[in-house]
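Architecture and fold: a report
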Amino acid sequence: MDSESRVPFETEPAALETAPAPLEMRPTRGVSLFWRTFFFLTLLLTGCIIAWLQTFRALEYEPRALQSAQQLASLVNLSRAALIHSDSIARVSLIKTLAAEEGLRIAPREPNDTFQHYDTDLLSRNVAGQLQARLGPDTVVAREVNGQAGLWIGFSIDGDPYWLLTDPSRIGPVAGTTWLIWLGTAALLSLAGAALIARLINRPLKKLSFAASRVREGDFNASQLNETVATSEIREVNIGFNRMAQRLSKIEQDRALMLAGISHDLRTPLARLRLETEMSVADPMAREHMSADIEQVTAIIDKFLDYARPDHMKPEDVSLNDVVETALFALGDDPKTLIKTRLEPELRVLGDPVELQRVFNNLLENASRYGRDPDTGVVRIDIAAKAKDDAVLIKLRDHGRGVRPEMLEQLTQPFFRGDAARSDATGTGLGLAIVERAITRMGGRFALANSSTGGLAAHMKLRRAP
């Protein structure tokens, strides 16, 4: 069994198996441009919101602490002054009024009172420090006294200690639900804005991608882009693309017209050649070969006319065995050309019979021209084919010298001629290019590889007819 190198798939003469990994290779599906743009915009906006939130919180603590300390200090001073300048009867009434109207409770501070300092966060610590600076170092700010929670401020009146109890919300930060509401609103607006921006950015690219796909399919009329869009960069791209599509359309029309003209002009001399062959060639075998060649040229000319028309490629059910047999008959009986075939019976493929005939004619001609054994001068060609799943795998190889590995990928380029060391024969460099494009048009795959035992192998994969 021969081992091949630098080939996307194998069709060995014996095994005729196909390496599954490269043939089943598909481009990995990545994230679309819309979602990439949306994701990055969302990430950017989220970072900005978090940075803004942290900055706001940092800038909020100092002013809020100062304002809260001023209000509480004024509250304590006013309560202290009112208590000092009132008699005992009015003091009791004042304490009740403050509790009822202002939510303030003033109580004596006992030596055995237990309390917890009001230092739960940075804001409370700042407020406590500001109150001690304004009311004196003996001021105590607590969040719980004798198990009762609240904002407790310890102060003195003429040396007597007192507690003032007030609502802790006077110095508390903004409620957590408020932050959540604002953050949720900002997040929703940011996501909506990111989606809108991503859509606006990607809409022209989507239209350009669709237009490019239509040009690839040959539909130039459906590939026109809007040349009056507001964005100057998109407008320039659309104008350039439309001009390119118009240019390609004109080139395609000229090509079709040229092919149709050449094909039309060749019909008359071919008809004369056919008549002269029938009348002047005495050898029946030679006449049969010449007639077959003329019929093949006529079929190729008809194919040129088909190329000049739209929708020229219509797959047909073709017998691969008949195509190979016809190609071998056209090659003739050369004693120095030995051909061995190993084809499964009744192999049928989807394609074009004329195109498939050109494929095998070119491959056999290439193998006969360049695959001569350097020692014996004999051309040995092996042809094998086998059906596998929904495909037919074909291998055609010679036993010549092969080509340098770095030249394998260039052999199917138009007008590229391979290593001259293989043979002293010359060619135009179009045979393998024609083969590759014909196989591709029929929905198949084509590749070349050097055999380890010498020679060049052509591997083909065609769609199997149902």
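Source: prediction; values computed, not measured.

Scanning the chain from N- to C-terminus turns up 10 helices and 13 strands. Per-residue burial for the chain yields a buried fraction of 36% across its 466 residues. Counting only contacts in the chain whose residues sit at least 6 apart along the sequence, the fraction spanning at least 24 positions is 66%. Of the roughly 27,300 Å² of accessible surface on the chain, a fraction of 58% belongs to carbon and sulfur atoms.

This part takes up the sheet that holds strand 2 (residues 105-108). Pairing within the open sheet is antiparallel, and its 5 strands lie in the order 2-6-5-4-3. Either end of the sheet is taken by a strand with one partner, and the two such strands are strand 2 and strand 3 (115-117). In this sheet, adjacent strand axes meet at a mean angle of 40° when their direction is disregarded.

What follows concerns the environment of Ala286. Locating Ala286 in the fold gives a position in helix 7 (residues 284-307). Judged by its relative accessible area of 27%, Ala286 is partly exposed. Between the C-alpha atoms of Ala286 and Gly332, which are 46 residues apart in sequence, the distance is 9.8 Å.

Another aspect to go through is the packing of helix 8 (residues 320-331) against helix 9 (residues 353-370). Two numbers describe how helix 8 lies on helix 9: the axes approach to 9 Å, and their chain directions differ by 45°. On the basis of their axis angle, the class for helix 8 and helix 9 is oblique. The chirality of how helix 8 crosses helix 9 is right-handed. Here Leu320, Val323, Val324, Thr326, Ala327, Leu328 and Leu331 of helix 8 lie close against helix 9, whose contacting residues are Leu356, Gln357, Phe360, Asn361, Leu364 and Ser368.

Under the criterion given, the structure shown has 4 aromatic pairs. Where Phe39 meets Phe40, the ring centres are 5.5 Å apart and the plane angle is 65°; that geometry is what we call edge-to-face. Phe39 gets classed as partly exposed once you look at its relative accessible area, which sits at 48%. Just above the ring of Trp163 sits the side chain of Arg109; from NZ or CZ to the centre is 5.1 Å.

Phi is mostly negative for residues that are not glycine, and the peptide bonds are mostly trans. At Asn146, a position not held by glycine, the phi torsion is positive, near 55°. By secondary structure assignment, the location of Asn146 is in the loop between strand 4 (140-145) and strand 5 (148-157). For Asp389, which is not a glycine, the phi torsion comes out positive at approximately 55°. Residue placement: Asp389 occurs in the loop between strand 10 (379-388) and strand 11 (391-398). Take Asp389: its relative accessible area is 65%, and that puts it in the exposed class.

The next point concerns helix 4 (residues 122-135). Helix length check: helix 4, at 14 residues, gives a terminal C-alpha distance of 20 Å against a target of 20 Å (1.5 Å per residue), a fit within 8%. All of the buried residues in helix 4 are Leu123, Ser124, Val127, Ala128, Leu131 and Leu135. Relative to the axis of helix 4, the buried residues are bounded by an arc of 135° and lie together on one face. The first or second residue beyond helix 4 is Gly136, which carries a positive phi of 120°.

In terms of nonpolar packing, the biggest core is built from 35 residues, with Leu320, Leu356, Phe360, Leu363 and Phe446 touching the most fellow members. Taken together, the elements giving at least two residues each to this core come down to helix 8, helix 9, strand 10, strand 11, helix 10 (431-441), strand 12 (445-451) and strand 13 (456-463). The biggest single contributor to this core is helix 9, with 6 residues. Sequence-distant contacts of Leu356, that is, excluding residues within four places in its chain, are made with Val318, Leu320, Val323, Val349, Met442 and Leu462. If you look at the next biggest cluster of nonpolar residues, it comprises 23 residues, including Leu75, Val127, Leu151 and Phe155.

Counted according to the given criterion, the structure contains 1 cavity of 30 Å³ or more. Roughly 60 Å³ of internal volume is contained in the largest cavity. If you trace the largest cavity, you find it lined by Leu363, Asn366, Ala367, Leu396, Arg397, Asp398, Leu432, Leu448, Leu456, Ala457 and Ala458. Elements with a contribution of two residues or more to the lining of the largest cavity: helix 9, strand 11 and strand 13.

Atomic detail in the predicted coordinates should be set aside for any region of low pLDDT. Across the chain, the average pLDDT comes to 77, with 81% of residues at or above 70. A low-confidence stretch, residues 1-27 stays under pLDDT 50, and its non-local contacts, those more than four residues away or across chains, total 74 contacts. Low pLDDT (under 50) marks residues 420-425, which in the prediction has 12 contacts with non-local residues, meaning those over four places away or in another chain.

A complete count under the given rule lists 7 salt bridges for this structure. Two residues, Glu406 and Arg404, come together in a salt bridge whose shortest N-O distance is 3.0 Å. Looking at Glu406, the relative accessible area reads 48%, which means it is partly exposed. The partly exposed category is assigned to Arg404, whose relative accessible area is 41%. Via salt bridges that share partners, Glu355, Arg358 and Arg441 belong to a single interconnected network.

About the criteria used
Residues numbered from 1 in each chain as written. Predicted model: local features only at pLDDT ≥ 70, side-chain atom pairs only at ≥ 80, totals over all residues. Heavy atoms only, no water. Helix = DSSP H or I, 4+ residues; strand = E, 2+ residues; numbered from the N terminus. Buried < 20%, exposed > 50% of the residue type's maximum accessible area, 1.4 Å probe, protein only. Contact = heavy atoms within 4.5 Å. Areas by Shrake-Rupley, 256 points an atom, 1.4 Å probe, with all protein chains shown as cover. Pairing = 2+ DSSP bridges. Axes fitted to C-alpha atoms, helices over the stretch in contact; angles between N-to-C directions. Parallel < 35°, antiparallel > 145°, perpendicular 65-115°, else oblique. Left-handed = near helix turned anticlockwise from the far one by under 90°. Phe/Tyr/Trp six-rings, centres within 6.5 Å; stacked < 30°, edge-to-face > 60°. Lys NZ or Arg CZ within 6 Å of the ring centre and 35° of its normal. Expected span 1.5 Å × (residues − 1). Arc of directions from axis to C-beta. Core = buried A, V, L, I, M, F, W, Y, C linked by side-chain atoms within 4.5 Å. 1 Å grid on protein atoms, 1.4 Å probe; cavity = no way out; pocket = protein on both sides within 12 Å on 5 of 7 lines; lining within 4 Å. Points joined across faces, edges and corners; volume = space filled by probe spheres on them. pLDDT = per-residue confidence, 0-100. Salt bridge = Lys/Arg side-chain N within 4 Å of Asp/Glu carboxyl O.

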